[in-house]
Number of protein chains: 2
Amino acid sequence: MTSEAVPGGERLRAGGVRLTRQRAAVLAVIEGSQGHLGVREVLAAVRKGRRRIGLTTVYRTLEVLASLNLIRKVHLRDGCQRYARAGAGHGHHLICSRCGRVVEFSDCRLGALIQSVADRTQFTIEDHWLELFGRCKGCRNGRGRMRRRSGFRETGTRPGPAAP
Amino acid sequence: MTSEAVPGGERLRAGGVRLTRQRAAVLAVIEGSQGHLGVREVLAAVRKGRRRIGLTTVYRTLEVLASLNLIRKVHLRDGCQRYARAGAGHGHHLICSRCGRVVEFSDCRLGALIQSVADRTQFTIEDHWLELFGRCKGCRNGRGRMRRRSGFRETGTRPGPAAP
DNA sequence: TCGCACATGAAAAACTTTTTCATCTAGGAG
DNA sequence: CTCCTAGATGAAAAAGTTTTTCATGTGCGA
Ligand SMILES: [Mn+2]
Ligand SMILES: [Mn+2]
Ligand SMILES: [Zn+2]
Ligand SMILES: [Zn+2]
């Protein structure tokens, strides 16, 4: 069978790394998600798909995929180490603070701003990082402020409310 | 002696929290630093200034100070939970990827971009987060790619301002 | 098909962050 | 100024996260 059979196979090969079923599974999980996922969530999702995978491999794989730009790392105010699918090329994220949905956009038009800051500070600016937070259409009227909705499981166990 | 004697005292009071020597010490350490500091670095710096403080308190204090906007949380590609002094009001960071120096700027002019992305995605955008990375003047020609230079020890302490 | 460099994963180590709870203290009341 | 107490502290332990180890497995070029 050709590598076509494995979604993402071409891109993994192109990245110079081996195409393993674990990598394909992790990539599939991220690409199949509308939001950002944490390590434990990816682990659970892959296993739910009845594929064996270890936590260590999830960590390593997410790093590999991100370095190949096949997925992107997302930072939230609290808790980073989260990942979302990557659009083409340079991209930034718009994140729904209620359900976690992630939309990538690439037109950032920061040229003038960067030039201005560079002139003023005497820095050579090499990279930038922009994230927008808000409410997606479906979450517009949600009065809550909770993070992920059902379908976007929380990573691990939450600190939870005060003890009795 | 009046509360004037304690740098940041006024601002802590204004925030509705008690002015403790630990809070003043942490604030002084952050304000005395040109870069971003992690929890352990703050702990070490405060102790070096011969002030007693516990790790738990450092965590809690950094959170309190950040919520009062007296200091700001900085996210790096790897490793967040770092803090830098805050400029006035809304601010973004320009970070030297070699020495860690942090410069805050507030003119982000993202209005048009935000409008455009909002229209296109149907999101209501409530907040944004922008960080610029580059080389400060002094690190311009540094061929290295290491993070903090001497003076910005990873786990060590900054020579920073000792207690008055 | 073979061989081996690369990849995996269970377990343990290492590290980070939060919770507990006994003790302390900032600062307002009197 | 002295008292009082809600708020703050910190040592220790618990809880959670990430990395390291190393024996075993496997992708893929020869
Ligand atoms: Mn951009
Ligand atoms: Mn972050
Ligand atoms: Zn949403
Ligand atoms: Zn620098």
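Calculation rules
Residues numbered from 1 in each chain as written. Chains lettered and ligands numbered in written order. Predicted model: local features only at pLDDT ≥ 70, side-chain atom pairs only at ≥ 80, totals over all residues. Heavy atoms only, no water. Salt bridge = Lys/Arg side-chain N within 4 Å of Asp/Glu carboxyl O. Helix = DSSP H or I, 4+ residues; strand = E, 2+ residues; numbered from the N terminus. Buried < 20%, exposed > 50% of the residue type's maximum accessible area, 1.4 Å probe, protein only. Donors = N, O, S within 2.8 Å, 3.2 Å for Na, K, Ca; no water. Pairing = 2+ DSSP bridges. Near = heavy atom within 4 Å. Polar contact = N/O pair within 3.5 Å; in protein donor to acceptor, adjacent residues only side chain to side chain. Nonpolar A, V, L, I, M, F, W, Y, C, P; charged D, E, K, R; others polar.

For the structure on display, the rule yields 11 salt bridges over all chains. The partner of Glu104(A) in a salt bridge is Arg72(A), with the nearest N and O atoms 2.6 Å apart. One end of the pair, Glu104(A), is in strand E5 (residues 102–105); the other, Arg72(A), is in strand E2 (residues 71–74), and 32 residues separate them in sequence. Among the residues examined, Arg72(A) registers a relative accessible area of 12% and is labelled buried. Arg109(B) serves as the salt-bridge partner of Asp107(B), at 3.4 Å between the closest nitrogen and oxygen.

Tetrahedral coordination by four donors puts the ideal angle at the metal at 109.5 degrees, and octahedral coordination by six puts it at 90 or 180 degrees. All names here are of chain B. Looking at the zinc ion (ligand 4), the protein donor atoms are Cys96 (SG), Cys99 (SG), Cys136 (SG) and Cys139 (SG), and they sit 2.2 to 2.4 Å from it. Read N to C, the donor residues that coordinate the zinc ion (ligand 4) are spaced as C-x2-C-x36-C-x2-C. Of the two residues, Cys99 is situated in the loop between strand E4 (92–96) and strand E5 (102–105) and Cys136 in the segment after strand E6 (124–135); the sequence distance between them amounts to 37 residues. By the burial criterion, Cys99 is buried, and Cys136 matches it.

Residue and element names in this part refer to chain A. On the basis of which strands lie adjacent, the open sheet formed by three strands has the order E1-E3-E2 and antiparallel pairing. Only two strands of the sheet have a single partner each, and these edge strands are strand E1 (37–38) and E2. Note that E1 and strand E3 (residues 82–85) share two bridges and pair antiparallel. In the sheet register, Gly38 faces E3, and the bridge partner there is Arg82.

What follows is about the pairing of strand E6 (residues 124–135) of chain A. Taken across its 12 residues, E6(A) has nine buried, putting it largely inside the fold. Note: strand E4 (residues 92–96) of chain A against E6(A), four bridges, orientation parallel. The residue bridging Ile95(A) from the neighbouring strand is Phe133(A), located in E6(A). Pairing between E6(A) and E6(B): 11 bridges, direction antiparallel.

What follows deals with the protein's contact with DNA strand D. Taken together, 22 residues are adjacent to DNA strand D, and Leu19(A), Tyr59(A), Thr20(B), Thr57(B) and Arg60(B) come closest. Of everything in DNA strand D that lies within 4 Å of the protein, sugar and phosphate atoms constitute 65%. Within the side chain of Arg13(A), one N or O atom sits 3.2 Å away from a phosphate oxygen of DNA strand D. When residues of the surface near DNA strand D are traced back to their parent elements, those giving at least two are helix H4 (55–67) of chain A together with helix H2 (21–31) and helix H4 (55–67) of chain B. Ranked by residues supplied to the surface near DNA strand D, first place goes to H4(A) with four residues. Grouping the constituent residues of the surface near DNA strand D by class yields five nonpolar, nine polar and eight charged.

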